[in-house]
Amino acid sequence: MPNRNLKKMNGKNILIIGAGGQIGTVLHDKLTELYGSEKVYATDIKAQPERNIIGLDVLDAEGLDNMIETNKIQVIFHLAAILSAKGEQNPKRAWEINMGGLFNVLELAVKHAIEKVFYPSTIAVFGDHIPLTNTPNHVPLVPATVYGISKVAGELWAEYYYNRHGLDVRSIRYPGVIGYQSLPGGGTTDYAVDIFHSEAKNEEYTCFLSEDAALPMIYMDDCIKATIDIMNAPKESITCRTSYNVSGMSFSPIEIATEIQKRNPDFRVKYIPDFRQQIASSWPQSIDDSLARKDWGWTPSFNLSQLVDIMMQNVRKIYSKTEY
Ligand code: AKB
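Residues numbered from 1 in each chain as written. Predicted model: local features only at pLDDT ≥ 70, side-chain atom pairs only at ≥ 80, totals over all residues. Heavy atoms only, no water.

Draft legend 1. Seen up close, helix α8 (residues 253–263). By the burial criterion, the buried members of α8 are Pro253, Ile256, Ala257, Glu259, Ile260 and Arg263. Angular distribution of buried residues about the axis of α8 spans 160°; they occupy a single face of the element. At its buried positions, α8 is contacted by α6 (191–200), β10 (205–207), β13 (249–251), β14 (269–271) and α11 (304–318). (Buried < 20%, exposed > 50% of the residue type's maximum accessible area, 1.4 Å probe, protein only. Helix = DSSP H or I, 4+ residues; strand = E, 2+ residues; numbered from the N terminus. Arc of directions from axis to C-beta. Contact = heavy atoms within 4.5 Å.)

Draft legend 2. Representation of the sheet that holds strand β6 (residues 121–122). Pairing is parallel across the open sheet formed by 3 strands, whose spatial order is β6-β8-β12. Edge positions in the sheet fall to β6 and β12 (244–245), since each of these pairs with one other strand and no more. Bridge analysis of β6 against strand β8 (residues 172–174) gives 2 bridges, and the strand direction is parallel. Across the sheet, residue Thr122 finds its bridge partner in β8, namely Tyr174. (Pairing = 2+ DSSP bridges.)

Draft legend 3. Main features of the confidence of the model for the chain. The share of residues in the chain with pLDDT of 70 or more is 98%, and the mean pLDDT across the chain is 96. Contacts from residues 1–7, a stretch scored under 50 in pLDDT, to residues over four places away or in other chains number 10 contacts. (pLDDT = per-residue confidence, 0-100.)

Draft legend 4. The pattern of salt bridges, seen in detail. A full pass over the atoms with the stated rule returns 17 salt bridges. Its salt-bridge partner being Arg276, residue Asp274 comes within 2.6 Å of it at the nearest N-O pair. The residue Lys294 makes a salt bridge to Asp295 at a minimum N-O spacing of 3.3 Å. According to the relative accessible area criterion, Lys294 is exposed, its value standing at 63%. (Salt bridge = Lys/Arg side-chain N within 4 Å of Asp/Glu carboxyl O.)

Draft legend 5. Geometry of the domain arrangement of the chain. Structurally, the chain comprises domain 1 (11–175 + 220–245) and domain 2 (177–215 + 248–285 + 301–318). For domain 1 and domain 2, the distance between their C-alpha centroids amounts to 25 Å. Facing the 28 residues of domain 1 at the interface are 21 residues of domain 2. When domain 1 packs against domain 2, the two sides together hide about 2000 Å² of surface, and 61% of this comes from carbon and sulfur. On the domain 1 side of the interface with domain 2, the three residues burying the most area are Gln22, Leu132 and Asp222, jointly 28% of the side's total. Summed over the shared surface of domain 1 and domain 2, the result is 0 salt bridges. The interface formed by domain 1 and domain 2 includes 10 residue pairs in polar contact (both at pLDDT 80 or more). For the side of domain 1 that touches domain 2, the elements supplying multiple residues, two or more each, are α1 (22–35), α3 (84–89) and α7 (220–232). Tallied by class, residues from the side of domain 1 that touches domain 2 come to 14 nonpolar, 9 polar and 5 charged. (Domains from an automatic or database assignment. Buried area = accessible area lost by both parts, 1.4 Å probe. Polar contact = N/O pair within 3.5 Å; in protein donor to acceptor, adjacent residues only side chain to side chain. Nonpolar A, V, L, I, M, F, W, Y, C, P; charged D, E, K, R; others polar.)

Draft legend 6. Structural view of the site of the ligand. In the vicinity of the ligand, the contacting residues are Leu83, Ser84, Thr122, Ile123, Tyr147, Gly187, Thr188, Thr189 and Trp283. Within the side chain of Thr122, an N or O atom sits 2.7 Å from an oxygen atom of the ligand. In this structure, Thr189 approaches the ligand through a side-chain N or O atom, which is 2.9 Å from a nitrogen atom. Burial of the ligand by the surrounding chains reaches 94%, relative to a free accessible area of 260 Å². Taking a 2 Å distance to the grid points as the criterion, the majority of the atoms of the ligand fall inside the largest pocket. (Near = heavy atom within 4 Å. Areas by Shrake-Rupley, 256 points an atom, 1.4 Å probe, with all protein chains shown as cover. 1 Å grid on protein atoms, 1.4 Å probe; cavity = no way out; pocket = protein on both sides within 12 Å on 5 of 7 lines; lining within 4 Å. Sits in = over half its atoms within 2 Å of the grid points.)

As structure tokens, this is what we get:
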């Protein structure tokens, strides 16, 4: 009988790359709470000394090498990336960061015999030639953005390093992630966070997607749970070495606006779609995450109504607005 505890992250030295980003910020706090601040190391392109985040560019292979060596890192979460909307503004740079960063992590993981690597993928890997609702895990991946192209390539490289070097890389395709603890940056799904900040500031929100642009989404706590659960799952349960579809819910801008208006009838939204609508139109409206459910027990806990309650209460606190 294998000792399953050995496969878990307890007692391991963990490195989070991209710990200052939307997901990294919350993952850093959660891993620190679970495993202790002395076990969790964090880097980001921008240092945040007050949060113990060391400034390190993921393209700086030597700096990363030293970081792993000095701190005897055993598990890596590699979150640093340029997202869909920002990537379209400078596609070559997005490719360099997304692929260069991944290669540094994969090569150094092999060199230092890292036990497990987490590499996030995204719903941006999807494009033409797929069912747009309940999109299965395994379909042709023909993305329309450089971010999506880099993540398809990244998924394949993850599988390649697993097959070729036995490197235990695990991956989830994140949908739009919604949380109050941090701000997203450069994504197409960012509207679903921005909308709460406008509500809390008593401002009308101008949405950059069409009112009916439904997309797969997830509440931050579910996103963090999925990220930690896949990393703690027994190795033999991971049957997919590219990436798993994972989703919490699916909604359109008008559906989330209506939920907010149920709690604040004065809140107004107008829709002025920009280039990001074209990106959203190339993505699924909902995805089938049954493989993640079957292999490592994924189940989301939060629906749209719960998400809106939590977001409104907590984002209002940021602006000292009274609760509804
Ligand atoms: C984006 O909108 O680019 C990201 C994502 C879905 O990966 N939030």
